[in-house]
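Read off the chains here:
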Amino acid sequence: DVKVTQSSRYLVKRTGEKVFLECVQDMDHENMFWYRQDPGLGLRLIYFSYDVKMKEKGDIPEGYSVSREKKERFSLILESASTNQTSMYLCASTGGGETQYFGPGTRLTVL
Amino acid sequence: RKEVEQDPGPFNVPEGATVAFNCTYSNSASQSFFWYRQDCRKEPKLLMSVYSSGNEDGRFTAQLNRASQYISLLIRDSKLSDSATYLCVVNPPSGTYKYIFGTGTRLKVLA
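These remarks concern the structure in this document. Values in this document were obtained by computation on a predicted structure and should not be read as measured data. (Residues numbered from 1 in each chain as written. Chains lettered and ligands numbered in written order. Predicted model: local features only at pLDDT ≥ 70, side-chain atom pairs only at ≥ 80, totals over all residues. Heavy atoms only, no water.)

### A closer look at the pattern of salt bridges
Per the stated rule, a full pass over the model turns up 10 salt bridges over all chains. Among the salt bridges present, the one from R76 of chain B reaches E56 of chain B, with a minimum N-O distance of 3.6 Å. You can see R76 of chain B sitting in the loop between β8 (70–75) and β9 (84–91) and its partner E56 of chain B sitting in strand β6 (residues 55–57), a full 20 residues away along the chain. Since its relative accessible area comes to 27%, R76 of chain B is described here as partly exposed. One salt bridge connects K79 of chain B with D77 of chain B, and the closest N-O pair in it is separated by 2.9 Å. It is possible to trace a salt-bridge network through shared partners that takes in R36, D38 and R44 of chain A. (Salt bridge = Lys/Arg side-chain N within 4 Å of Asp/Glu carboxyl O. Helix = DSSP H or I, 4+ residues; strand = E, 2+ residues; numbered from the N terminus. Buried < 20%, exposed > 50% of the residue type's maximum accessible area, 1.4 Å probe, protein only.)

This is the structure in structure tokens:
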């Protein structure tokens, strides 16, 4: 069974803090994704990575960066958190097929 | 026009009813189509892929209409456990795994 884990289920941070969200998958998948999900807007792609150290911007990369130093781990970084980054963050991975396996999500609140 | 559009619902149906959702997409060259299910405060999970010829999985039937650019999901004999949000997902032909998610259709099956 594919397992995608995320470092925190709930996180509360203050404006201006640097925030790290980590995602780990155990199925040797090449592709990993970070989305945010907001009511009425659905899931929007922030960044994805198709290999170690490779990344590509999604639709809303501003204010975020990513790191993929190992195949199983994909980190999302909020350089200076702002209140409009309060959201649900979902990590996903895919292998050879197109099925995306999601982690349980991190609900981030920025005060 | 949004790239992927769904009626947000909610669709309130009695147990045992048949219910159908549609999802329209704007890019006529889109290649892959999926339905995901998302329970409240949980991550999305693949329900089924949608094939050109249509496909069925138990009580669930998915169809693709390329001419009119929509996909549909039919649920027969609805169960209480079918209550969830159903997300339509489209993969445009860019080859970069930039899946596009609809905002979801909420289904409530009532006893």
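### Quick look at the sheet that holds strand β7 (residues 64–70) of chain A
In sheet architecture, strand pairing relies on hydrogen bonds along the backbone and comes in two forms, parallel and antiparallel. All names here are of chain A. Across the sheet, which stays open at both edges, the 4 strands sit in the order β1-β3-β8-β7 with antiparallel pairing between neighbours. Two strands bound the open sheet, and with one partner strand each, they are β1 (4–6) and β7. When strand polarity is set aside, the average angle formed by the axes of neighbouring strands in this sheet is 20°. Taken together, the 3 bridges between β1 and strand β3 (residues 19–25) define a ladder with antiparallel strand orientation. (Pairing = 2+ DSSP bridges. Axes fitted to C-alpha atoms, helices over the stretch in contact; angles between N-to-C directions.)

### Thoughts on the environment of S78 of chain B
Residues and elements named next belong to chain B. The residue S78 is located in the loop between β8 and β9 in this model. Taking relative accessible area as the criterion, S78 reaches 1% and is therefore assigned buried. Residues S78 and G16 lie 62 residues apart in sequence; the distance between their C-alpha atoms is 4.6 Å. Ignoring anything within four residues of it in the chain, the contact list for S78 reads V13, P14, E15, G16, A17, V19, R59 and V109. (Contact = heavy atoms within 4.5 Å.)

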